[in-house]
Every structure is written in C-alpha cells, then in structure tokens.
Amino acid sequence: TECVSGCVCPEGLFDDGRGGCVEQKDCPCIHNNELYSSGKKIKVDCNTCTCQKGIWKCTDDVCYGTCMIYGSGHYNTFDGKFYDFDGSCEYVATQDFCGDKNSSGSFSIITENVPCGTTGVTCSKAIKMFLGVSSQMMKTLSNRSATPLPAILEVIPDTKKFSEMTVGLYLVIEASNGVMLIWDKKTTVFIKLSPDYKGKVCGLCGNFDDKANNDFTTRSGLLDTNPLNFGNSWKQSPMCPDVTQEVKPCDLKPHRKSWAEKECSIIQSEVFKICHPKVDPLPFYEACVHDACSCDSGGDCECFCSAVAAYAQECIKAEACVFWRTPDICPIFCDYYN
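Computed from a predicted model, the values in this text were never measured in an experiment.

Quick notes on the rules
- Positions within a chain are numbered from 1, following the residues in the order the chain's sequence is written.
- Local features in a predicted model are, by the rule used here, given only for residues with pLDDT of at least 70; side-chain atom pairs are given and counted only at 80 or more, and totals for whole chains, interfaces and linings are based on all residues.
- Values shown for side chains rest on all heavy atoms present in the structure; no hydrogens or waters enter the calculation.
- By the criteria applied, helices consist of DSSP H or I runs no shorter than four residues and strands consist of E runs no shorter than two, each listed in order from the N terminus.
- Whether two strands pair depends on DSSP finding at least two bridges between them.
- For helices, the fitted axis covers only the stretch in contact; all axes are lines through C-alpha atoms, and the angles between them, taken along N-to-C directions, range from 0 to 180 degrees.
- Ring pairs are drawn from Phe, Tyr and Trp, using the six-membered ring of Trp, whenever the two centres fall within 6.5 Å, and their geometry is named by plane angle: stacked under 30 degrees, edge-to-face over 60, tilted for the rest.
- In this description, the term disulfide denotes a pair of cysteine sulfurs within 2.5 Å.
- Only protein chains enter the area calculation, which uses a 1.4 Å probe; residues under 20% of their type maximum are buried, those over 50% are exposed, and those in between are partly exposed.
- pLDDT is defined as a per-residue confidence score from the predictor, taking values between 0 and 100.
- Residues are treated as being in contact if the distance between any of their heavy atoms lies within 4.5 Å.
- Whenever Lys or Arg places a side-chain nitrogen within 4 Å of a carboxyl oxygen from Asp or Glu, that contact is recorded as a salt bridge.
- The term polar contact refers here to a pair of N or O atoms within 3.5 Å; inside protein, the definition further demands a hydrogen-donor-capable atom paired with an acceptor-capable atom, and it admits residues adjacent in sequence only when both atoms are side-chain atoms.
- As used here, the term nonpolar core means buried Ala, Val, Leu, Ile, Met, Phe, Trp, Tyr and Cys residues forming a set that is joined through side-chain atoms within 4.5 Å.
- Throughout, the term roughly parallel applies to angles under 35 degrees, roughly antiparallel to angles over 145, roughly perpendicular to angles from 65 to 115, and oblique to all others.
- With the far helix as reference, a near helix turned anticlockwise by less than a right angle produces a left-handed crossing, and one turned clockwise produces a right-handed crossing.

Draft legend 1. Spatial organisation of the environment of Val 279. Secondary-structure assignment places Val 279 in the loop between helix H3 (257-264) and helix H4 (282-294). Residues Val 279 and Ala 318, 39 residues apart in the sequence, show an inter-C-alpha distance of 7.3 Å.

Have a look at this one:
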C-alpha cells in the first residue's frame, strides 16, 4: 500500500500500491487510507497539502479554532476534546479574561444551560456574547418557536464593529476582534476564534493551544480529569448547584433506547461511510442516542436531527460532504426560509 522500490518492479520504478509500477515522481500519497495521485491536493483544516513524490507538502497557515456546543450538553473544544456536561446555570463558554490577565480581556461568551426534558439533561437556551465589559448596547436575536426550548442570542458590544448575516440554516455574528458565532437558532452554536487567541482563552471550550489533554483547566488554573469538576468551576453564579453525577437518560427512559439507537444508527451507516475514516463517528453516535432518549417533552425529531447535523458539520470540515437529509429524514422545506 506504499510506494516502495523492491522485487515487484523493475529497478528504478516503484510499486504504486495499485498494482502498477511508476517513477518516483509519480508516487501517490496516502491520507485516511486512501491513495492520492502525484499532484493531487487536499484541504486539511485551513491548509492545502499537495502530493509530491509520495510525500505530502502542506502550507503552514495557522487556522481558526472552532468549538461546538450542541444538543443536551455536548461540547467539542477548540482542540478537539469531546465531553458531556449537564449543568443548569450560566457558564463561561470561552473568554480571554484568564489567569493574571483578567483585566486585559476583550470578549466573553456565556452559555445559559437549562433543563430540557424530564431526565435531568440540559440544553443551551441562551448565548451571550460580550465584546468589552462596559457597554450598554444590547442586540437580541430570538426564535421563540424553537423546540425543545426557546433560544436566545444576545450580542452586547461596546462598539458597533460586528456584522450579522444568515447563511443557510445559520445566523452568523462576526466581530472585528476575530470572534465569530454561528448559531442554528435552536440548540447548536459554533464559536470560531482567530489564531491570535491561541493559548489565551479559557472556559468550557478549552484553551486553544493544540493540546486536548489540558483542556480541563479549571477557573482557578488547576488541571482536572473530571468533566464535572471542570464544568462546575466555570459557572457564573455560586448559587447554582454543582453537577455531581453524569446523567444517563437512556437508563432513565429505557423504552426510548431502542428507538434512539435505530434512528441514530445512520451516523455509523453507509450513508456516512466516506466520513468515517476522517471523523470518528462513535462519540457523535453516542451523543445522538443520549439526546434522542432525553428529548421526552416534545421535539424528539429535532433533537435527533441536530445530533446528526453536528456529525455532518464535522464531516464537512474534514472535506467529506455527505447528503444525508431526505424527505423522510430531517427534511428542510423551502418555506423554512420565508
């Protein structure tokens, strides 16, 4: 499967892994167990890699970081650490008011998590984006028909240096300081930060230093291994109760488990086959089952659809575009946009 010289090919030629013999300049490259011919290009995050003589040559641009918060308490940090936290309070999602530099921060993003369903899981009901700390101006964007909960996004800037646009299903808020929010007007939000913030942020989204193993750094600066202790440290009000145990909605609602597993199996099915080598489907499948079990107060299908859409979004980032929606599975109707 690799381009190597040996007894298979004549001297000076190389086995190309496809049963042929080629010159070294024509050797293919391997990415995610797939062969790419010499000269082919792929995108890896914001960089472009070109296959040259069997070796990938990549640009070295520093990329934007993305944190995803979705469904019933699921977090995927800037550095790719996936975990669950079902706290009911306001929490710091990310900010640059960290450590000894508390006074020199420029932004803070707060998520308000409230119970959704009857099993104890929580959803992000409101996102507050503070651009500076002394502003009196507030911009509220809301969709009160969203289920399972109304969702609210507030932008509280001290200047008017931000733009707002709608892109497909998403509302995009882009500030001039390199902070961007992408919101589906329900329970999914993406936070994107420019490379300038690498290693300078803190909160539930981690510290954006390309090291997932230190993402559970608490407000006091200590590294923890328990997501509950880590999450509790970032609550905004000391009056909120700490989360002491992980919620397992399928254990509490066992009659929903088989339905949830059947519906969510699409993530591990042939539909997403092209994405499986690029993005591990298991944590997204488990999160989908978790959400489908927990949404027992209406919005069952929406919880399922949001969970699958979260995996599809990660696939797109990995250059694996999957057309998974059908008239029967999470359809999007034209009148949605009207």
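Draft legend 2. Summary view of the sheet that holds strand E19 (residues 189-193). With antiparallel pairing, 7 strands are arranged side by side in an open sheet as E10-E9-E8-E19-E18-E17-E16. At either margin of the open sheet sits one strand with a lone partner, and together these are strand E10 (82-84) and strand E16 (162-167). Going across the sheet, the axis of each strand differs from the next one's by a mean of 15°, ignoring polarity.

Draft legend 3. Inspection of the packing of aromatic side chains at higher detail. Tallied over the entire structure, the rule returns 13 aromatic pairs. Feature note: the residues Tyr 70, Phe 82, Phe 272, Phe 284 and Tyr 311 constitute an aromatic cluster, connected by ring pairs.

Draft legend 4. Expanded view of the state of the cysteines. Counted according to the given criterion, the structure contains 11 disulfides. In this model, Cys 29 is linked to Cys 51 through a disulfide, with the two sulfur atoms separated by 2.1 Å. Residues Cys 29 and Cys 51 share a disulfide whose torsion about the S-S bond is about 90°; that sign makes it right-handed. Here Cys 29, found in strand E3 (residues 29-31), pairs with Cys 51, found in strand E6 (residues 47-52); they are 22 residues apart in sequence, far enough to count as distant. With no disulfide of its own, Cys 321 lies closest to Cys 315 among cysteine sulfurs, the gap being 9.3 Å.

Draft legend 5. Representation of the sheet that holds strand E7 (residues 55-58). Across the sheet, which stays open at both edges, the 3 strands sit in the order E5-E6-E7 with antiparallel pairing between neighbours. Across the chains shown, the open sheet's two edge strands, defined by having one partner strand only, are strand E5 (41-44) and E7. Ignoring strand direction, the axes of neighbouring strands in this sheet form an average angle of 35°. Taken together, the 4 bridges between E5 and E6 define a ladder with antiparallel strand orientation. Bridge assignment links Ile 42 to a residue of E6, and that residue is Cys 49.

Draft legend 6. Spatial organisation of unusual backbone geometry. Here the phi dihedral of Phe 208 falls at roughly 55°; this positive angle occurs in a residue that is not glycine. Mapping Phe 208 onto the fold places it in the loop between E19 and helix H1 (227-233). A relative accessible area of 2% means that Phe 208 is categorised as buried. The backbone of Cys 330 sits at a positive phi, close to 50°, despite the residue not being glycine.

Draft legend 7. Representation of the confidence of the model for the protein chain within the structure. For the protein chain, the mean per-residue pLDDT works out to 82, and 83% of the residues sit at or above 70. Per-residue pLDDT stays below 50 along residues 134-150; that stretch engages in 48 contacts with residues further than four places along the chain or on separate chains.

Draft legend 8. Expanded view of the pattern of salt bridges. Enumeration over the complete set of coordinates arrives at 7 salt bridges. A salt bridge links Asp 26 to Lys 25; the shortest N-O distance between them is 3.3 Å. Of the charged contacts, one joins Glu 263 and Lys 262 as a salt bridge, the two residues approaching to 3.8 Å between their closest N and O atoms. A relative accessible area of 25% means that Glu 263 is categorised as partly exposed. Exposure remark for Lys 262: the relative accessible area of 59% places this residue in the exposed category.

Draft legend 9. Here's a closer look at the side chain of Asn 207. Looking at the secondary structure, you find Asn 207 in the loop between E19 and H1. In this structure Asn 207 comes out as buried when scored by relative accessible area, which is 13%. In terms of polar contacts, Asn 207 uses its side chain to reach the side chain of Asn 214, at 3.4 Å.

Draft legend 10. Local environment of the side chain of Thr 94. Of note, Thr 94 is situated in strand E11 (residues 89-95). Sequence-distant contacts of Thr 94, defined by excluding residues within four places in its chain, comprise Phe 78, Phe 107, Ser 108, Ile 109, Ile 191, Leu 193, Val 201, Cys 202 and Cys 205.

Draft legend 11. Quick peek at the environment of Ile 266. Here Ile 266 lies in the loop between H3 and H4. C-alpha separation for the pair Ile 266 and Ile 329, spaced 63 residues apart in sequence, amounts to 9.9 Å. Residues contacting Ile 266, with those up to four places away along its chain left out, are Val 271, Phe 272, Phe 304, Val 308, Trp 324 and Ile 329.

Draft legend 12. Representation of the nonpolar core. Judged by nonpolar contacts, the single largest core of 39 residues is most densely connected at Ile 109, Ile 191 and Leu 193. At the level of secondary structure, the elements contributing two or more residues to this core comprise strand E8 (65-70), E11, strand E12 (107-115), strand E13 (122-131), strand E17 (170-175), strand E18 (179-183), E19 and H1. No other element matches E11, which puts 4 residues into this core. Ile 266, Phe 272, Ala 292 and Cys 305 belong to the second largest nonpolar core, which has 35 residues in total.

Draft legend 13. Broad picture of the packing of H3 against H4. The geometry of H3 relative to H4 is characterised by a closest axis approach of 8 Å and an angle of 140° between their N-to-C directions. The orientation of H3 with respect to H4, classified from their angle, is oblique. Along this stretch, H3 crosses H4, giving a crossing that reads as right-handed. Residue-level inspection shows Lys 257, Trp 259, Ala 260, Glu 261 and Cys 264 of H3 in contact with H4, the latter providing Tyr 285, Cys 288, Val 289, Ala 292 and Cys 293.

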